[in-house]
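An overview of the molecular structure
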Amino acid sequence: MKTKLPHTLVLSIASMFIVAGCGDGGGKKPSTAQGNGMSIEAVQNNSDVKGKPPTTFAQPLARVNEAAARALVSVGCVVKRQESYFASGFRPQKMGLFVGSGGETVKIFMLPQGDKVTNVWVDTDLSFVGMAGQQNWNKQVLAELSNLLK
């Protein structure tokens, strides 16, 4: 006798496998080094930051830093680095019918402007190989940060 699983159960199981696939890539933990990470001066002099207007959040650096990793995950990134003033993630590559997607590196730079204010810059780097199927994730990451920091 054959039994059929309800569609909702099948979708729930499939969703769990998809979510599990969006994990941290084989158990590797992101770099959380505080002493040897990117310094304030390195952030200020970075070409992705220098001369570009920041998005300002009325939140302490620690809270913005925590939200940064969650915002990266929300757009499909695997967090590769999380430091005091910097976080970055990589979107795994996927193959489509004509062109693949993914392969972008999303970087978040954070500078405290006092105890309760943090300036943030988001930059998406596209790879040359998959550029046709890639997109800029800056707006989506900033929108998610805004939601998380309400």
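Residues numbered from 1 in each chain as written. Predicted model: local features only at pLDDT ≥ 70, side-chain atom pairs only at ≥ 80, totals over all residues. Heavy atoms only, no water.

The next subject is helix H4 (residues 138–148). All buried positions along H4 are accounted for by Asn 138, Val 141, Leu 145 and Leu 148. End-on view of H4: buried residues confined to an arc of 100°, all on one side of the axis. Here the buried face of H4 lies against strand E1 (55–57), helix H3 (61–74), strand E4 (105–112) and strand E5 (118–125). (Buried < 20%, exposed > 50% of the residue type's maximum accessible area, 1.4 Å probe, protein only. Helix = DSSP H or I, 4+ residues; strand = E, 2+ residues; numbered from the N terminus. Arc of directions from axis to C-beta. Contact = heavy atoms within 4.5 Å.)

Before going further, it helps to spend a moment on the packing of H3 against H4. Running from amino to carboxyl end, H3 crosses H4 at an angle of 130°, the nearest separation of the two axes being 9 Å. Considered as vectors, H3 and H4 are oriented oblique to each other. For the pair H3 and H4, the sense of crossing is right-handed. Every residue of H4 that contacts H3 at Arg 63, Val 64, Ala 67, Ala 68, Arg 70, Ala 71 and Ser 74 is listed here: Val 141, Glu 144, Leu 145 and Leu 148. Residues that form the contact of H3 with H4 fall into these classes: 7 nonpolar, 1 polar and 3 charged. (Axes fitted to C-alpha atoms, helices over the stretch in contact; angles between N-to-C directions. Parallel < 35°, antiparallel > 145°, perpendicular 65-115°, else oblique. Left-handed = near helix turned anticlockwise from the far one by under 90°. Nonpolar A, V, L, I, M, F, W, Y, C, P; charged D, E, K, R; others polar.)

Let us now look at the pattern of salt bridges. If you walk through the whole model with that rule in mind, you get 5 salt bridges. Arg 81 serves as the salt-bridge partner of Glu 83, at 2.7 Å between the closest nitrogen and oxygen. Across the pair Asp 123 and Lys 107 runs a salt bridge, and its minimum N-O distance is 3.5 Å. Taken as a pair, Asp 123 in strand E5 and Lys 107 in strand E4 lie far apart in primary sequence, 16 residues in all. You'll find Asp 123 and Lys 107 in the same group, each marked buried. (Salt bridge = Lys/Arg side-chain N within 4 Å of Asp/Glu carboxyl O.)

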